[in-house]
Amino acid sequence: MKKRKPETTVSRRGFLKAFSMGGAGMLIPSAAIAAQERVPAPSDGELATLHDLSKCIGCGECVSACRESNAVKYPEPKKPFPEMLPSRRAKPEDWSEKRDVEDRLTPYNWLMLQTAEVTYRGEDHEIFIPRRCMHCQNPPCANTCPFGAASKQKNGITRFYDTFCMGGGKCRTVCPWHIPQRQSGVGLYLNLMPRLAGNGVMYKCDRCYQRLDKGELPACISICPEDVQTIGPRYEIVAQAKSLAREMNGFIYGLEENGGTNTIYVSPVPFELLNKAVDKGKGKPHFKRVGDAMADEGNLAAAALVAPIAGIAAGFLGLGAKLFKTDDKSQSGKEDSHES
Ligand code: SF4
Ligand code: SF4
Ligand code: SF4
């Protein structure tokens, strides 16, 4: 595949500038989540990433780096899982014996590579595509989580808080790409009504918030030998994506999808072709055009209805987490700093 130098690079300096704009103060501790606005209004200053798909060689270094960097956050479930009642409830999901799976998203694999072999304008292309959470600007997962366990931060990162998550999976249902993945046998539901409510905890890319907190690049960006990804303020990333697309006579995905995301892909071939070519299904996101989920009246109404309940639930669960503190080190003892 033809290699090309990017016209401009949103550099480490650009990233650090954005970071200093948002700063560590934007990394909201979970204790404060219930009292904060869970989904700040979209802003051009949010951190966004650009994937130049013409540069990815499919080496998989990013996938390995993600797993290594985030392993401390992975679930350690208790077994056997509680039997759910009524039996028609969502079945438990267990990836703990399949932690090596890399060809789809799982609670232990937050980044996967898709491959597309396509012919476009008489030329054959093999395109490798890193896939993970898009970090939507107005994320339906955070808007509709009934327990306040999902939140978008002012710097554009959407995070799930394993202390609050009940694993019901509403976030996966409303996510246009069905990104979040459930692991049963962990989380608060075990201490509340394990047979009646919840099924575990949902997991996805959190954009390496622990590294951002220290002013470091996310692991997948830092490791990439081809500089496929750049990160910076959204307005710079959008400008760079448009410039790159013009330069390669290519195509953009993520700019308008779901009302706007903070993950922008630029490809030398149309995304409709990529969507047809990639392996899709459970844990394997599509590349279809996506309308704004939160613009839908029903969703807006549901989100508005849920918001106050979520705040109460989050407060209750925060209290509950303290009252019901257990020896489940997989959840309460992780170095995950969101409890601070
Ligand atoms: S590390 Fe870079 S080149 Fe390798 S698969 Fe990931 S994005 Fe592509
Ligand atoms: S891609 Fe899905 S999980 Fe990620 S922020 Fe958007 S709605 Fe949430
Ligand atoms: S930003 Fe971090 S958590 Fe997200 S895919 Fe990259 S390495 Fe994984």
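Residues numbered from 1 in each chain as written. Chains lettered and ligands numbered in written order. Predicted model: local features only at pLDDT ≥ 70, side-chain atom pairs only at ≥ 80, totals over all residues.

Draft legend 1. A look at the site of ligand 3. If you check the shell around ligand 3, you find 14 residues, and the closest are C66, C205, C208, P218 and C220. Mapped by element, the contributors of at least two residues to the shell around ligand 3 are helix 2 (61–70) and helix 6 (219–223). The element best represented in the shell around ligand 3 is helix 2, accounting for four residues. Class assignment of the residues belonging to the shell around ligand 3 gives a composition of nine nonpolar, two polar and three charged. (Near = placed C-beta within 6 Å. Helix = DSSP H or I, 4+ residues; strand = E, 2+ residues; numbered from the N terminus. Nonpolar A, V, L, I, M, F, W, Y, C, P; charged D, E, K, R; others polar.)

Draft legend 2. Inspection of the sheet that holds strand 10 (residues 263–267) at higher detail. Spatially, four strands are ordered 8-1-10-9 in an open sheet, and the strand pairing comes out mixed. In this open sheet, the two strands that pair with only one neighbour each are strand 8 (229–233) and strand 9 (251–253). Across the sheet, the axes of successive neighbouring strands diverge by a mean angle of 25°, strand direction being ignored. The pairing of strand 9 with strand 10 spans three bridges and is classified as antiparallel. The residue bridging I252 from the neighbouring strand is V266, located in strand 10. (Pairing = 2+ DSSP bridges. Axes fitted to C-alpha atoms, helices over the stretch in contact; angles between N-to-C directions.)

Draft legend 3. Structural detail: helix 7 (residues 234–248). For helix 7, with 15 residues, the first-to-last C-alpha span of 21 Å sits near the 21 Å given by 1.5 Å per residue. Buried residues of helix 7: R234, E236, I237, Q240, A241 and L244, and no others. One side of helix 7 holds all its buried residues, which, seen down the axis, span an arc of 155°. (Expected span 1.5 Å × (residues − 1). Buried ≥ 20, exposed ≤ 12 C-beta atoms within 10 Å, placed from the backbone. Arc of directions from axis to C-beta.)

Draft legend 4. Spotlight on the site of ligand 2. As a matter of local geometry, ligand 2 sits amid 14 residues, with C133, C136, P139, C141 and C175 nearest to it. The residue makeup of the shell around ligand 2, split by class, is eleven nonpolar, two polar and one charged.

Draft legend 5. Broad picture of the pairing of strand 10. Most of strand 10 sits inside the fold, with five of its five residues counted as buried. Alternating residues of strand 10 divide into T263, Y265 and S267 and I264 and V266, and every residue in both groups is buried. In the sheet, strand 1 (residues 47–52) pairs with strand 10 via four bridges, with the strands oriented parallel. Paired with L50 across the strands is I264, a residue of strand 10.

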